[in-house]
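An overview of the molecular structure
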Amino acid sequence: MSSNSDRVNIAHRTLRQAIIEQALKAGTKLPEDEIGRHFSMSRTLVRTVLAKLQAQGLVDTYHKRTATVAQPSLDEARDAFAVRRALEREVVKAVIKRWSPATEKLLRAHVQEEEAAHAKGDVRLSTRLAGEFHLKLAELAGNALLERYLSELVSRCSLILAMYSRPHSSECAINEHSGLINALKKGDLPAAERLMDEHLSSVESRALLEDDLAAEADIGSILSRFSARVAG
Ligand SMILES: [Zn+2]
């Protein structure tokens, strides 16, 4: 029998992934009893999971009402990207100081995964891997607080992108990730900062207003699909 904290982690990761990939669309209700049944957990634990997702900007919870998948407005989206740009400049500075061959190997391997997802035409996986590239960089910065704030912002921005953006070629973003690795490897801080800024601005500009609120979905079947992946 897994511990409560294991179950909270699995439920959190499953829901986070389903929300970021927009299998659970913005505005979808997340009833505590249904989630509890799916993950075999008490309502108290479900509330812990929902609180974590709320802190990441992925879920809205209102007092005594059913939690829903967050629907950030365009203004909130712009604010999130502005803060993210500022934090990612700090990440670039820290990573360049701590650069090693192992760092390069890890980042290049990640870009290869992004390329494979792109080659398969898997847009949702590509979007998730693109976000994870930035989380890996944040981890490499070696500043736990920076990593935590950035991981919240990357989750929030991934949801925003999934909500607002048109399907786009992720090739451009992958090239931009490779270019950034090259600048970091050279130790060229001004170039790395500029590339990161330009990259995040182009990511943001792909976010276009498109009111695409989903029809009610069957949460149980969506979560089953994601549970299988998180467990594997
Ligand atoms: Zn990126």
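Presented here is a report on the structure given in the accompanying data block.

Conventions adopted
Residues numbered from 1 in each chain as written. Predicted model: local features only at pLDDT ≥ 70, side-chain atom pairs only at ≥ 80, totals over all residues. Heavy atoms only, no water. Helix = DSSP H or I, 4+ residues; strand = E, 2+ residues; numbered from the N terminus. Buried < 20%, exposed > 50% of the residue type's maximum accessible area, 1.4 Å probe, protein only. Contact = heavy atoms within 4.5 Å. Areas by Shrake-Rupley, 256 points an atom, 1.4 Å probe, with all protein chains shown as cover. Donors = N, O, S within 2.8 Å, 3.2 Å for Na, K, Ca; no water. Pairing = 2+ DSSP bridges. 1 Å grid on protein atoms, 1.4 Å probe; cavity = no way out; pocket = protein on both sides within 12 Å on 5 of 7 lines; lining within 4 Å. Points joined across faces, edges and corners; volume = space filled by probe spheres on them. Nonpolar A, V, L, I, M, F, W, Y, C, P; charged D, E, K, R; others polar. Axes fitted to C-alpha atoms, helices over the stretch in contact; angles between N-to-C directions. Parallel < 35°, antiparallel > 145°, perpendicular 65-115°, else oblique. Left-handed = near helix turned anticlockwise from the far one by under 90°. Arc of directions from axis to C-beta.

A few words now on the overall build of the protein. From N to C terminus, the protein includes 10 helices and 3 strands. Put simply, the protein has 232 residues, and 46% of those count as buried. Here the analysis covers contacts within the protein between residues at least 6 apart in sequence; of these, 79% occur between residues at least 24 apart. When the accessible surface of the protein is split by element, carbon and sulfur atoms take 51% of a total near 11900 Å².

Below, the discussion takes up the coordination of the zinc ion. Here the zinc ion is held by the protein donor atoms His-134 (NE2), His-177 (NE2) and His-199 (NE2), which lie 2.0 Å from it. Every donor residue of the zinc ion comes from the same chain, spaced as H-x42-H-x21-H. Taken together, the residues span a long stretch of sequence, with His-134 in helix 6 (residues 123-140) and His-199 in helix 9 (residues 189-205) at a distance of 65 residues. Note on His-134: relative accessible area 2%, which makes it buried. Residue classification places His-199 among the buried positions, given a relative accessible area of 4%.

Overall, antiparallel pairing links the 3 strands, which are arranged 1-3-2 in an open sheet. Single-partner strands in this sheet number two, and they are strand 1 (29-30) and strand 2 (59-60). The pairing of strand 1 with strand 3 (residues 67-69) spans 2 bridges and is classified as antiparallel. Residue Lys-29 lies in a different strand from strand 3, and its bridge partner there is Thr-68.

We now examine the layout of surface pockets. One number sums up the size of the second largest pocket: a volume of about 160 Å³. Looking at the second largest pocket, the residues that line it are Gly-57, Val-59, Asp-60, Ala-70, Gln-71, Pro-72, Glu-76 and Arg-156. Considered class by class, the residues forming the lining of the second largest pocket number 3 nonpolar, 2 polar and 3 charged.

With that settled, consider the side chain of Thr-68. Here Thr-68 is to be found in strand 3. Setting aside residues up to four positions removed in sequence, Thr-68 forms contacts with Gly-27, Thr-28, Lys-29, Leu-30, Leu-58, Val-59 and Asp-60.

Right, let's get into the packing of helix 4 (residues 74-97) against helix 7 (residues 144-164). At a minimum axis distance of 9 Å, the contact between helix 4 and helix 7 shows a crossing angle of 140°. What the angle tells us is that helix 4 and helix 7 run oblique. Helix 4 and helix 7 meet at a crossing whose hand is left-handed. Residues Leu-74, Ala-77, Ala-80, Phe-81, Val-83, Arg-84, Leu-87, Glu-88, Glu-90 and Val-91 of helix 4 touch helix 7, and the partners they reach there are Leu-146, Tyr-149, Leu-150, Leu-153, Val-154, Arg-156, Cys-157, Ile-160, Leu-161 and Tyr-164. Looking at the contact of helix 4 with helix 7 residue by residue, the classes come out as 16 nonpolar, no polar and 4 charged.

Inspection of helix 2 (residues 32-39) places Glu-32, Ile-35, Gly-36 and Phe-39 among the buried residues, and these make up the whole buried set. For helix 2, the buried positions fall inside an angular range of 100° around the axis, keeping them on one side. Looking one or two residues past helix 2, Ser-40 carries a phi angle of roughly 50°, positive in sign.

Looking now at unusual backbone geometry. Of note in the backbone geometry, Ser-40 takes a positive phi value of approximately 50° without being a glycine. Topologically, Ser-40 is positioned in the loop between helix 2 and helix 3 (43-55).

Moving on, we get to the environment of Leu-58. Along the chain, Leu-58 falls in the loop between helix 3 and strand 2. Relative accessible area serves as the criterion here: at 0%, Leu-58 is assigned to the buried category. For the pair Leu-58 and Ile-20, spaced 38 residues apart in sequence, the C-alpha to C-alpha distance is 8.0 Å.

Bringing empty space enclosed by the protein into the picture now. The probe, sized like a water molecule, is rolled over the atoms to show the empty space still left. Inspection of the entire model under this criterion finds 1 cavity of 30 Å³ or more. What lines the largest cavity is Arg-16, Ile-20, Arg-128, Gly-131, Glu-132, Leu-135, Val-154 and Ser-158. When residues of the lining of the largest cavity are traced back to their parent elements, those giving at least two are helix 1 (4-20), helix 6 and helix 7. Broken down by element, the lining of the largest cavity gets its largest block of residues, 4 residues, from helix 6. Here the lining of the largest cavity is composed, by residue class, of 3 nonpolar, 2 polar and 3 charged.

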